[in-house]
Every structure is written in structure tokens, then in C-alpha cells.
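Notes for the structure review
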Amino acid sequence: MTRALFIIDVQNDFTEGGALGVEGGAAVAAGITRLLQQHRGDYALVAASRDWHSGEHDNGGHFAVDAEPDFVATWPPHCVEGTDGADYHPDFDTSAVDVHIRKGQGVPAYSIFEGTDDAGASVSDVLAARGITDIDVVGLATDYCVRASALDAVEHGQHVRVFTDLVAGVAAESSATALAELGHAGVVIAESTVLDEAAS
Ligand code: VGL
């Protein structure tokens, strides 16, 4: 088994006070930093994604421009490339991150697999190069980018876990539905304390 950690969109705009802030987002940022302090050695690869939209237009209808956002398919402008809102949250210590993925340049992109690293490599190429077989997924938001990334990871043949104590969602109901859907797709839904149990 060769395991990767995917840290999805722990950005200022998805945390409290951000353009699309989810409740519990900052706590997720701090919790991921703790997980990395204690369990960096469990992972052959740590990859973090950022939503990275254009500020020039609606990014393929992803930003609500002339109407109210519905918070399902259209959103307030968020994570515009180069802005504070697109930065990682300050409580997420990125020093242990091996690969930074950006996605959504001009288009909606919920899954990390829609992004590329700084050299332009796809996520599936990065996984293949490192021989990854298992992926733990954490971050924001449970019901959108975590959901899409975990489902895509299953599609790519990975053994996938989502840590419920290290995700936060836009809405409670859609987050519960997303976790149920992930479970049906074969994702293991667990708390990150399983890492401590495995070590002892
Ligand atoms: C996300 C809504 C819009 C996410 C991204 O990161 O979950 N949610 N864009």
C-alpha cells in the first residue's frame, strides 16, 4: 500500500469570513496541520488543491453575475487567482505539502483531478509516478469539492477514505447526502483517529 493525502481547497474564501465561507472551515485548517505534524510519515505524497478562478468573467457560469447565486451550481465570486481569498488558510501549515494543484481557471472544477501541478502534470500522472494505491481525503467543502475528488479517486481505482473530523460542508443536508453517496461508492468514512489506532 502506498498512501497519499489529498487536502482539498483549504482556502480563505471557503473559511469563516470568506466569500463562500463554510462553518468549521478554520478548524479543519488547524486540524489538518495537526494531522500532518503527527502523521506526515504515513503518506508517500501530500497534495493540496486550490480553486483558482479568473477574475475577468463568470468562469463558465460558475460565478453568479447577474442573478443571486443558488449555492448549488452558481456561487458568489470566490478564489480569484492571486487574491487573499484564493490563498491557503493561515492555520493550514503547507510546509509538508509535496504537490500543489490548481483547478478551475476559467471553468467550474470541483474535483482535484481536474487540476494540474505547477509543471502542468495531471493528478493521475502524479499518482502513477509515485505508485499511489490509497488516498485519504480531507478539506472543503464536504458536499462539493471533497465529494467530487473522492468519487474521482474511486473512479481512478484508488482505495479511498474521507475523514469526517477534517471536512466541513456548505450545508448539513447535502453534506450528509454526500457522505452517504461516498460510502455507497466504496469510500471508507472514518475519523482521522484511525491513523493513531493503526500506529499503536
Ligand atoms: C467549492 C463551491 C464552489 C468547494 C468550490 O471547494 O467545495 N464549492 N466552488
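Residues numbered from 1 in each chain as written. Predicted model: local features only at pLDDT ≥ 70, side-chain atom pairs only at ≥ 80, totals over all residues. Heavy atoms only, no water.

1. Quick word on the site of the ligand
- Every residue near the ligand is listed here: Asp 9, Phe 14, Leu 20, Asp 51, His 62, Trp 75, His 78, Tyr 110, Leu 140, Ala 141, Tyr 144 and Cys 145.
- Between the ligand and the protein, one listed contact pairs an oxygen atom with a backbone N or O atom of Ala 141 at 3.0 Å.
- Starting from 260 Å² of accessible surface for the ligand in isolation, the protein chains cover 100%.
- In a pocket analysis with a 2 Å cut-off to the grid points, the ligand is assigned to the largest cavity.
- Classifying every residue of the shell around the ligand by side-chain character gives eight nonpolar, two polar and two charged. (Near = heavy atom within 4 Å. Polar contact = N/O pair within 3.5 Å; in protein donor to acceptor, adjacent residues only side chain to side chain. Areas by Shrake-Rupley, 256 points an atom, 1.4 Å probe, with all protein chains shown as cover. 1 Å grid on protein atoms, 1.4 Å probe; cavity = no way out; pocket = protein on both sides within 12 Å on 5 of 7 lines; lining within 4 Å. Sits in = over half its atoms within 2 Å of the grid points. Nonpolar A, V, L, I, M, F, W, Y, C, P; charged D, E, K, R; others polar.)

2. Observations concerning the sheet that holds strand 3 (residues 99-103)
- Strand order in this open sheet of six strands is 3-2-1-4-5-6, and the pairing throughout is parallel. One side of each edge strand has no neighbouring strand; the edge strands of this open sheet are strand 3 and strand 6 (188-190). Put simply, the sheet's adjacent strands are angled 25° from each other on average, direction ignored.
- The sheet contact formed by strand 4 (residues 134-140) and strand 5 (residues 159-168) spans six bridges and is parallel. For Asp 136, the partnering residue across the bridge sits in strand 5 and is Arg 161.
- Packing of helix 1 (residues 25-39) onto the sheet brings it into contact with strand 1 (3-8), strand 2 (45-51), strand 4 and strand 5, and relative to strand 5 it is tilted by some 125°. (Pairing = 2+ DSSP bridges. Helix = DSSP H or I, 4+ residues; strand = E, 2+ residues; numbered from the N terminus. Axes fitted to C-alpha atoms, helices over the stretch in contact; angles between N-to-C directions. Contact = heavy atoms within 4.5 Å.)

3. Remarks on the pairing of strand 2
- Counting buried residues in strand 2 gives seven out of seven residues, a clear majority hidden from the surface.
- Neither face of strand 2 is left uncovered, since the one carrying Leu 45, Ala 47, Ser 49 and Asp 51 and the one carrying Val 46, Ala 48 and Arg 50 both have all their residues buried.
- Regarding the hand of the β-α-β motif, the stretch spanning strand 1, helix 1 and strand 2 is right-handed.
- Alignment of strand 2 against strand 3, held across five bridges, turns out to be parallel. What sits directly across from Ala 48, in strand 3, is His 100. (Buried < 20%, exposed > 50% of the residue type's maximum accessible area, 1.4 Å probe, protein only. Right-handed = clockwise from strand over helix to strand, strands pointing away.)

4. Some remarks on the packing of aromatic side chains
- This model, assessed by the stated rule, comprises five aromatic pairs.
- The interplanar angle of 65° and the centroid separation of 5.9 Å between the aromatic rings of Phe 6 and Phe 113 together place this pair among those described as edge-to-face. With Phe 6 in strand 1 and Phe 113 in the loop between strand 3 and helix 2 (123-130), the pair connects residues that are 107 residues apart, well separated along the chain. Across the pair, Phe 113 and Phe 6 agree in class, each one buried.
- Measuring from centroid to centroid gives 5.3 Å for Tyr 88 and Phe 92, while their planes differ by 90°, and the two rings are edge-to-face.
- In this structure Phe 92 comes out as buried when scored by relative accessible area, which is 4%.
- Here the aromatic residues Phe 71, Trp 75, Tyr 110 and Tyr 144 are joined through ring pairs into a cluster of three or more. (Phe/Tyr/Trp six-rings, centres within 6.5 Å; stacked < 30°, edge-to-face > 60°.)

Don't take any of this as a statement about function, it's just geometry.
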